[in-house]
Amino acid sequence: MKKYLKVFIAALIALIFIGTFVFLWQKSRPKEVTYQEFTPEKKDIRMTTVLTGKIEPRNEVNVKPQISGIITELMKEPGQTVTAGEVIARVKVIPDMGQLSSAESRVRLSAINLQQAEKDYARQLSLHEQKLVSDEEFEKTRQQLRQAQEEKAAADDALQVVRDGVSRSNASASSTLIRSTIAGVILDIPVKVGNSVINSNTFNDGTTIATVANMRDLIFRGNIDETEVGRLQIGVPMKITIGALQNLQFDATLEYISPKATESNGANQFEIKAAVAVPSEGNIRSGYSANAEIVLDEARGVLSVPESAIEFSGDSTFVYVLADTVGKRTYTRTAVTTGLSDGVSIEIRQGLTKDKKVRGPQIITETND
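Residues numbered from 1 in each chain as written. Predicted model: local features only at pLDDT ≥ 70, side-chain atom pairs only at ≥ 80, totals over all residues. Heavy atoms only, no water.

> I keep staring at the overall build of the protein chain and nothing clicks. Help me out?
When helices and strands are counted, the protein chain shows four helices and 20 strands. A fraction of 72% describes how many contacts in the protein chain between residues 6 or more apart in sequence connect residues 24 or more apart. When the accessible surface of the protein chain is totalled, it reaches about 23,500 Å², and 51% of it is carbon and sulfur. (Helix = DSSP H or I, 4+ residues; strand = E, 2+ residues; numbered from the N terminus. Contact = heavy atoms within 4.5 Å. Areas by Shrake-Rupley, 256 points an atom, 1.4 Å probe, with all protein chains shown as cover.)

> Explain a nonpolar patch on the surface to me, please; I cannot follow it from the model alone.
A cluster of nonpolar side chains, contributed by Leu12, Leu15 and Ile16, occupies part of the molecular surface with about 300 Å² of accessible area. One can find Ile16 in helix H1 (residues 2-28). (Patch = residues over 30% accessible without salt bridge, like charges linked within 9 Å, V, L, I, M, F, W, Y side chains within 5 Å. Salt bridge = Lys/Arg side-chain N within 4 Å of Asp/Glu carboxyl O.)

> Explain the pattern of salt bridges to me, please; I cannot follow it from the model alone.
Charged atoms that come close allow side chains of opposite charge to pair. If you walk through the whole model with that rule in mind, you get 17 salt bridges. Two residues, Lys239 and Asp251, come together in a salt bridge whose shortest N-O distance is 2.6 Å. A residue pair is termed long-range when its members are at least 10 positions apart, and Lys239 in strand S12 (residues 237-242) and Asp251 in strand S13 (residues 248-264) qualify at twelve residues. Since its relative accessible area comes to 36%, Lys239 is described here as partly exposed. (Buried < 20%, exposed > 50% of the residue type's maximum accessible area, 1.4 Å probe, protein only.)

> Hey, could you run me through the packing of aromatic side chains in this one?
Each pair of aromatic rings is reported with the distance of its centres and the angle of its planes. Summed over all chains, the structure comprises one aromatic pair. When the ring centre of Phe318 is taken as reference, the NZ or CZ atom of Arg333 above it lies at 3.7 Å. (Phe/Tyr/Trp six-rings, centres within 6.5 Å; stacked < 30°, edge-to-face > 60°. Lys NZ or Arg CZ within 6 Å of the ring centre and 35° of its normal.)

> Where do I start with the environment of Glu271 in this structure?
Here Glu271 shows up in strand S14 (residues 267-276). Residue Glu271 is classed as partly exposed on the basis of its relative accessible area of 24%. On a C-alpha basis, the gap between Glu271 and Val229 in space is 9.6 Å, while along the polypeptide they are 42 residues apart. In contact with Glu271, other than residues within four places in its own chain, are Arg221, Gly222, Asn223, Tyr256, Ile257 and Ser258. In this structure the side chain of Glu271 is engaged in a polar contact, spanning 2.7 Å, whose partner is the side chain of Arg221. (Polar contact = N/O pair within 3.5 Å; in protein donor to acceptor, adjacent residues only side chain to side chain.)

> Sorry if this is basic, but what is going on with the sheet that holds strand S10 (residues 210-213) here?
Remark on secondary structure: sheet strands pair via backbone hydrogen bonds, oriented parallel or antiparallel. Judged by pairing direction, the sheet is antiparallel, and its four strands sit side by side in the order S3-S10-S8-S5 without closing on themselves. Because the sheet does not close on itself, it has two edges, and the strands there are strand S3 (60-63) and strand S5 (81-82). Bridge count for strand S8 (residues 184-188) against S10 is three bridges, and the pairing is antiparallel. When the bridges of S10 are listed, Val185 appears paired with Ala213. (Pairing = 2+ DSSP bridges.)

> I tried to follow unusual backbone geometry on my own but got confused; where do I start?
When glycine is set aside, most residues are seen to have a negative phi, and most peptide bonds are trans. Residues other than glycine seldom take positive phi values, yet Asn265 does so here, at roughly 55 degrees. By the secondary structure assignment, Asn265 is in the loop between S13 and S14.

> Hey, could you run me through the side chain of Thr211 in this one?
If you trace the backbone, Thr211 turns up in strand S10. Sequence-distant contacts of Thr211, that is, excluding residues within four places in its chain, are made with Glu60, Val61, Asn62, Val185, Ile186, Leu187 and Asp188.

> Help me understand the pairing of strand S11 (residues 218-225) in this model?
Here is the key point about a regular strand: its side chains alternate between the two faces of the sheet. Inspection of the sheet shows strand S2 (residues 41-57) paired to S11 by five bridges, in the antiparallel sense. What sits directly across from Ile55, in S11, is Phe220.

> Could you clarify how one ought to interpret the environment of Leu177 in this entry?
Mapped onto the elements of the fold, Leu177 is located in strand S7 (residues 177-179). Ignoring any residue separated from it by four or fewer positions in sequence, one finds Leu177 in contact with Val87, Ala89 and Arg90.

> Please clarify how the sheet that holds strand S9 (residues 196-197) should be interpreted in this entry.
The strand order across the open sheet formed by four strands is S7-S6-S4-S9, and the pairing between neighbours is antiparallel. The sheet is open, and its two edges are formed by S7 and S9, each paired on a single side. Sheet topology places strand S6 (residues 87-93) next to S7; three bridges connect them, and they run antiparallel. By the bridge assignment for S7, Arg90 is matched with Leu177.

> So what exactly am I meant to see when it comes to the environment of Gly343 here?
By the element assignment, Gly343 lies in the loop between strand S18 (331-341) and strand S19 (345-350). You can call Gly343 exposed: its relative accessible area is 58%. For Gly343 and Arg46, which are 297 residues apart along the polypeptide, the C-alpha to C-alpha distance reads 9.5 Å.

Dropping the structure here:
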């Protein structure tokens, strides 16, 4: 029994030894090295950059009251469209006591003057009928009466405007009715019924009743790095993508490059603006984040190879061209002159023809007999 056990153990050790030897032998065998191969082809190469920014109306107008008072009614809501002159809100006037007192005093004074003018006119009319005063004197008296009547009417209107914000003579153009100054979409109404508002004057900007913008005239606003701004030109096309709208894409045209840089996170950035061709099916809202793709440089119909096939050595570039040999594949290191690159393909200007094949990255495989 012990004899068989010793034989079994010896056989197991030998098997382990042989297996280890075979494994190490297989691992030590040389690996066959192959390469990807590419054929140069004619194609268009574009160098692009992507900018982040937002979509906004070209012009946003803040509608403000012409008088101070309290909001008594709001006729519109954000998101609704308005035409120029359409009423957005109504304001109740809170009269200034000094102005009110002055307007009331003017009414009383004009009433006294009108009463005196009426008496003078009646007296002159009687004398004129008796041929005791000339026509010229009578006309002067009648003119004074008309002036007194106009002054009384103007004083009444002024009092109504101060007290109520509107008069009978200008009810259609009442300053208590806040009207939109342009046609467009109401983006925001920051006030509520009961809020006090003030008109714009020398000392303050006034209260904004509503913000209105034409949402068919939009721009893309973003920033570009100083290393790329020198390649931009006014009028170049752009592709705008809005991720929030299922990657909706539309065209734009660059129309403004800021002449002055602003510093952002330690880098100099230049503001750009592009006119957006608003798609009819897109419901674009102000403030959407967007990406803009701009072509910085372009080469059309040029000979190119994948950039992974290029060997960079200092200021020189090389490719490995497949040699015309039978059997084992060999490659010849060849200097080339490169041009524009888009990060994937690179332009070959000199040193290579389209009937040659070039070596790419290695593909390492293991072979077993």
